[in-house]
Amino acid sequence: MENFKLELSKASFKMDKDVIAYVIYINSQKIGLLQSMIESYEGIGIVRTLDESKGLLSVLASNNHKEIVLSVLEELRIALSIVPAPLPEEEYSRYLLNT
C-alpha cells in the first residue's frame, strides 16, 4: 500500500503553494464514478479529465485534504483500475494549464 502512495506522489504536480494535482490513469468508463466520489466526499478534491480516450485524469487537492485524497485513491485503486501517471513536467503544464 505504501508503494501506491509513493508512486502517486511521483505522479503529482504542485500547482501552487496550496494545491497539488495527482495525475492518474483510470478505466475511462469509470471517470464519472471517481469524479462523483471525490467531489461529493466533503469536497475533498476536484477531478479534471485530461485525456478521456486514455483515461488520464488529475485529482486536485488542497494541502488540507491531500492525505484524505491519497487514502481514497488508494482504497479505490483496484476497483477503478487506478494507476499513477508520472509525466514529464512539461506534460503536466500542457495538460493542466490547458484544461
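Calculation criteria
- Residues numbered from 1 in each chain as written.
- Predicted model: local features only at pLDDT ≥ 70, side-chain atom pairs only at ≥ 80, totals over all residues.
- Heavy atoms only, no water.
- Core = buried A, V, L, I, M, F, W, Y, C linked by side-chain atoms within 4.5 Å.
- Buried < 20%, exposed > 50% of the residue type's maximum accessible area, 1.4 Å probe, protein only.
- Helix = DSSP H or I, 4+ residues; strand = E, 2+ residues; numbered from the N terminus.
- Axes fitted to C-alpha atoms, helices over the stretch in contact; angles between N-to-C directions.
- Left-handed = near helix turned anticlockwise from the far one by under 90°.
- Contact = heavy atoms within 4.5 Å.
- Phe/Tyr/Trp six-rings, centres within 6.5 Å; stacked < 30°, edge-to-face > 60°.
- Lys NZ or Arg CZ within 6 Å of the ring centre and 35° of its normal.

Moving on to the nonpolar core. Y22, I24, L34, I38, L73 and I82 are the most contacted members of the largest nonpolar core, which totals 21 residues. Looking at which element gives the most residues to this core, the answer is helix α3 (residues 66–76), with 5 residues.

The geometry of helix α2 (residues 31–40) relative to α3 is characterised by a closest axis approach of 11 Å and an angle of 145° between their N-to-C directions. Crossing handedness for the pair α2 and α3: right-handed. Across the interface between the two elements, L34, M37 and I38 of α2 pack against V72, L73 and L76 of α3.

This structure, assessed with the given rule, holds 0 aromatic pairs. Its guanidinium or amino end placed over the ring of F4, R77 lies 5.6 Å from that ring's centre, counting from NZ or CZ.

Our next topic: the environment of L8. In this fold, L8 is placed in helix α1 (residues 2–10). A C-alpha to C-alpha distance of 9.1 Å links L8 and E74, two positions 66 residues apart in sequence. Non-local contacts of L8, meaning those with residues more than four positions away in its chain, are made with Y22, V23, I24, L70, L73 and P84.

Nothing here speaks to function; it is all geometry.
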